[in-house]
Amino acid sequence: MRYLSTRGHADRKQFCEILLEGLAPDGGLYLPEQYPQVDTATLARWRQLPYAELAFEILSLYIDDIPAADLKALCAKTYTRDVFGTDAIVPLRQLEDGVYLEALSNGPTLAFKDMAMQLLGNLFEYELGRRGEELNILGATSGDTGSAAEYAMRGKKGVRVFMTSPHGRMSPFQQAQMFSLLDANIHNLAVDGVFDDCQDIVKAVSNDLDFKRKYRIGTVNSINWARLLAQVVYYFAGYFQATQKDGDPVSFTVPSGNFGNVCAGHVARMMGLPIARLVVATNENDVLDEFFRTGVYRVRGSADTHETSSPSMDISKASNFERFVFDLLGRDGQRTGQLFGQRLAESGSFDLHLDPAFAAAAERFGFVSGKSTHADRLATIQDTWQRFGQMIDTHTADGLKVAREQVQAGIPMVVLETALPIKFAETIVEALGRSPERPARFEGIEDLPRRVERVAADVDVVKAYIATHCD
Ligand SMILES: *Cc1c(COP(=O)(O)O)cnc(C)c1O
């Protein structure tokens with residue numbers, strides 16, 4: 001399997017080459033040259049498999065530069081009861097008739113990003129070890145991504161993490177989660193500023209090519225193909241739990257921000273998994289809902305980007321969306337490059353509503369969308385608690401609200417649960433008047449010793465910190 005850029009660059013690459021890379025040289029995102037096809041007989045065989053073996057089967061269709069035995073061992077080491085809490089790894093539970101929650105948030109940081117990041121940690125350690133190289137991951141986080149990355153990379157050979165976050169702006173639980181990691185290869189940098197300052201620092205460091213090369217700076221952001229690929233697996237696992245017969249359709253609703261999670265659903269559907277609808281659920285930051293309703297993709301400015309009670313979906317643009325548009329436009333790299341390159345740079349938006357490809361988006365690709373607000377979240381959290389005794393988090397509530405608008409008779413609707421309620425306790429208290437349950441292993445983490453360095457919002461300060469902690 002080889003990989004190409006969504007902007008039409010002539011290079012073709014192997015999996016391990018793009019594993020440690022960010023964007024393609026032309027600024028595009030990597031996708032496989034084609035999607036391997038899975039028939040009913042294969043589905044029937046996969047249905048029997050434990051999660052780690054299912055992951056191996058799917059990954060091995062896309063990765064041919066890691067020996068099969070090694071890849072199998074990496075999957076077995078990643079997807080364990082020990083790390084994800086159950087043998088099912090992503091257990092399904094029913095709410096009302098035909099509506100299910102698929103639990104993706106029982107990993108180390110209680111959000112779905114662990115599903116991919118835990119594998120990425122093991123892949124990085126393996127590949128860096130094989131090359132005899134080291135990598136320093138520099139990131140910016142306002143919560144879930146940073147902690148998932150740190151828990152995935154802690155103690156891994158050849159990898160260091162330098163994670164910037166806005167000082168005092170993450171939830172107390174999220175701060176405790178990240179800052180209580182004492183591993184020598186994990187560095188928390190609390191920046192005096194807001195999230196955008198952190199992101200600007202990361203960008204400035206990455207644009208300093210000499211520094212980047214000298215200190216082997218890399219990233220783990222959501223455009224990484226390996227993360228997307230790891231996420232494809234739980235669409236299959238959810239499908240098997242929601243159906244009895246291979247070939248029966250299932251729909252998925254996905255609380256969405258950067259379009260990474262639901263893009264993995266798109267890949268699963270392109271492989272032939274019988275997915276009827278892929279429902280994109282947004283919060284008040286409705287860039288994606290607007291596109292699927294109107295054909296207009298309009299990047300928001302920072303004044304137009306709302307801080308909400310489902311903060312992991314507070315985006316101004318959807319960084320993985322380009323992958324879907326590339327497929328939507330019949331894999332026309334030149335056109336995709338024009339839209340996401342020139343057009344967005346010039347006007348901040350593009351409009352596909354007159355394009356026949358857009359008219360076919362729902363029919364050919366199954367995409368529909370909806371939006372949920374703070375009031376919707378509160379109502380959905382209350383209703384789900386009262387009727388089913390289930391406490392759900394704010395992002396999952398956005399999904400459930402939109403899912404109910406898109407249910408079709410006879411087709412199971414699986415809502416992806418993207419975090420546990422304890423991560424967003426303040427809104428749970430607002431909705432239910434009580435605090436969410438806390439898994440035993442997180443009891444008292446606020447009182448643990450912390451390892452965090454407070455720094456000015458200054459690129460040179462961060463560079464100096466990296467330089468002195470790099471050997
Ligand atoms: C990251 C995140 C999302 C959004 O996922 P995307 O892949 O960016 O669409 C939704 N919910 C939670 C809890 C998250 O951490």
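A few points on the structure. Keep in mind that this is a model prediction, so the values were computed, not measured. (Residues numbered from 1 in each chain as written. Predicted model: local features only at pLDDT ≥ 70, side-chain atom pairs only at ≥ 80, totals over all residues. Heavy atoms only, no water.)

1. Examining the pairing of strand β10 (residues 275–282)
Part 1 of the argument: For β10, a buried count of six out of eight residues is recorded, marking the element as mostly surrounded by other parts of the structure.
Part 2 of the argument: Two elements, strand β9 (residues 250–255) and β10, share five bridges in a ladder whose sense is parallel. In the strand pairing of β10, V250 is matched with I275.
Part 3 of the argument: Crossover connection from β9 via helix α12 (residues 260–270) to parallel β10: handedness right-handed.
Part 4 of the argument: Relative to strand β13 (residues 367–371), β10 runs parallel, the two sharing five bridges. Directly across from V279, in β13, lies its bridge partner V368. (Buried < 20%, exposed > 50% of the residue type's maximum accessible area, 1.4 Å probe, protein only. Helix = DSSP H or I, 4+ residues; strand = E, 2+ residues; numbered from the N terminus. Pairing = 2+ DSSP bridges. Right-handed = clockwise from strand over helix to strand, strands pointing away.)

2. With respect to the sheet that holds β13
Part 1 of the argument: Strand order in the open sheet made by the six strands is β3-β4-β14-β9-β10-β13, with mixed pairing throughout. The open sheet has two free edges, formed respectively by β3 (92–94) and β13, since each of these has just one partner strand. Strand-to-strand twist of the sheet, defined as the mean angle between neighbouring strand axes without regard to direction, takes the value 25°.
Part 2 of the argument: Lying on the sheet, helix α11 (residues 225–242) is in contact with β3, β4 (99–103), β9, β10 and β14 (413–417); it crosses β9 at an angle near 135°. (Axes fitted to C-alpha atoms, helices over the stretch in contact; angles between N-to-C directions. Contact = heavy atoms within 4.5 Å.)

3. Some details on the packing of aromatic side chains
Part 1 of the argument: Counted under the stated rule, the structure contains 30 aromatic pairs.
Part 2 of the argument: Taken together, a centroid distance of 5.0 Å and an interplanar angle of 65° make the contact between Y51 and Y79 edge-to-face. One end of the pair, Y51, is in helix α3 (residues 51–60); the other, Y79, is in the loop between α4 (68–78) and α5 (81–84), and 28 residues separate them in sequence. Neither residue differs from the other here; Y51 and Y79 are each classed as buried.
Part 3 of the argument: Considering the side-chain rings of Y297 and F340, the 6.0 Å spacing of their centres and the 45° angle between planes classify their relative orientation as tilted. Of this pair, Y297 sits in strand β11 (residues 296–298) while F340 is found in helix α15 (residues 333–347), placing the two residues 43 residues apart along the sequence. (Phe/Tyr/Trp six-rings, centres within 6.5 Å; stacked < 30°, edge-to-face > 60°.)

4. Points about the site of the ligand
Part 1 of the argument: By nearness alone, 15 residues border the ligand, and K113, D144, G257, N258 and N261 come closest of all.
Part 2 of the argument: Within the backbone of G260, one N or O atom sits 3.2 Å away from an oxygen atom of the ligand.
Part 3 of the argument: When isolated, the ligand has an accessible area of 390 Å², and the protein chains bury 96% of it.
Part 4 of the argument: In terms of residue class, the shell around the ligand is built from five nonpolar, eight polar and two charged. (Near = heavy atom within 4 Å. Polar contact = N/O pair within 3.5 Å; in protein donor to acceptor, adjacent residues only side chain to side chain. Areas by Shrake-Rupley, 256 points an atom, 1.4 Å probe, with all protein chains shown as cover. Nonpolar A, V, L, I, M, F, W, Y, C, P; charged D, E, K, R; others polar.)

5. Description of the sheet that holds strand β6 (residues 159–166)
Adjacent strands of a sheet form backbone hydrogen bonds with each other and so pair up, either parallel or antiparallel.
Part 1 of the argument: Spatial ordering of the open sheet is given by β8-β5-β6-β7-β15, a layout of five strands whose pairing is parallel. With one partner strand each, in any of the chains shown, β8 (217–218) and β15 (453–456) form the two edges of the open sheet.
Part 2 of the argument: Looking at chain direction, strand β5 (residues 135–140) and β8 are connected through two bridges and run parallel. Bridge pairing links N136 to I217 in β8.
Part 3 of the argument: Sheet strands in contact with helix α7 (residues 144–153) are β5, β6 and β7 (186–192), and its direction is about 160° off that of β6.
Part 4 of the argument: Sheet strands touched by helix α21 (residues 459–468): β5, β6, β7, β8 and β15. Its angle to β15, the strand with the most contacts, is close to 140°.

6. A closer look at unusual backbone geometry
Part 1 of the argument: Residues other than glycine seldom take positive phi values, yet L110 does so here, at roughly 65°.
Part 2 of the argument: Here L110 is to be found in the loop between β4 and α6 (113–131).
Part 3 of the argument: For L110, a relative accessible area of 0% gives the class buried.
Part 4 of the argument: Phi is positive for R331, close to 60°, though the residue is something other than glycine.
Part 5 of the argument: Among the structural elements, R331 can be located in the loop between α14 (321–328) and α15.

7. Regarding the packing of α6 against α11
Part 1 of the argument: Their axes nearest at 8 Å, the elements α6 and α11 cross at an angle of 125°. When the axes of α6 and α11 are compared, the pair comes out oblique. Crossing angle aside, the handedness with which α6 passes α11 is right-handed. Every residue of α11 that contacts α6 at K113, M115, A116, M117, L119, L120 and L123 is listed here: A226, R227, A230, Q231 and Y234.
Part 2 of the argument: The residue makeup of the contact of α6 with α11, split by class, is nine nonpolar, one polar and two charged. (Parallel < 35°, antiparallel > 145°, perpendicular 65-115°, else oblique. Left-handed = near helix turned anticlockwise from the far one by under 90°.)

8. So, the side chain of T418
Part 1 of the argument: Tracing the sequence through the fold places T418 in the loop between β14 and α20 (425–432).
Part 2 of the argument: The residues touching T418, leaving out its near neighbours within four places in the chain, are S105, A111, F112, P255, N261, D393, H395 and T396.

9. Topic: the state of the cysteines
Part 1 of the argument: Applying the stated criterion to the full structure yields zero disulfides.
Part 2 of the argument: In this model C16 remains outside any disulfide bridge; the closest cysteine sulfur is found in C75, 13 Å from its own.
Part 3 of the argument: With a relative accessible area of 3%, C16 lands in the buried category. (Disulfide = S-S within 2.5 Å.)

10. Some points on the pattern of salt bridges
Opposite charge on two side chains allows them to pair when their charged atoms are near.
Part 1 of the argument: Scanning all chains against the criterion turns up 36 salt bridges.
Part 2 of the argument: With its nearest N and O atoms 3.2 Å apart, the salt bridge here joins E417 to R93. With E417 in strand β14 and R93 in strand β3, this residue pair connects regions lying 324 residues apart in the sequence.
Part 3 of the argument: Taking the relative accessible area as the measure of exposure, R93 reaches 25% and is therefore partly exposed. (Salt bridge = Lys/Arg side-chain N within 4 Å of Asp/Glu carboxyl O.)

11. Looking at the nonpolar core
Part 1 of the argument: Among the nonpolar cores identified, the biggest contains 113 residues, and Y235, F236, F259 and F321 are the most heavily contacted of them.
Part 2 of the argument: In contact with Y235, other than residues within four places in its own chain, are F252, V254, N261, V262, A264, G265, A268, L273, I275, L278 and L416.
Part 3 of the argument: In this structure, A281, L378, I428 and A431 belong to the second largest nonpolar core, which totals 19 residues. (Core = buried A, V, L, I, M, F, W, Y, C linked by side-chain atoms within 4.5 Å.)

12. Section: the packing of α11 against α12
In a packed pair of helices, the relevant descriptors are the angle between the two axes and the axis-to-axis distance.
Part 1 of the argument: It is at 8 Å that the axes of α11 and α12 come closest, and there the two elements cross at 65°. Considering only the axes of α11 and α12, their crossing is right-handed. Listed contacts from α12 to W225, L228, Q231, V232, Y234, Y235 and F236 of α11 are G260, N261, V262, C263, A264, G265, V267 and A268.
Part 2 of the argument: Taken together, the residues that form the contact of α11 with α12 break down as 11 nonpolar, four polar and no charged.

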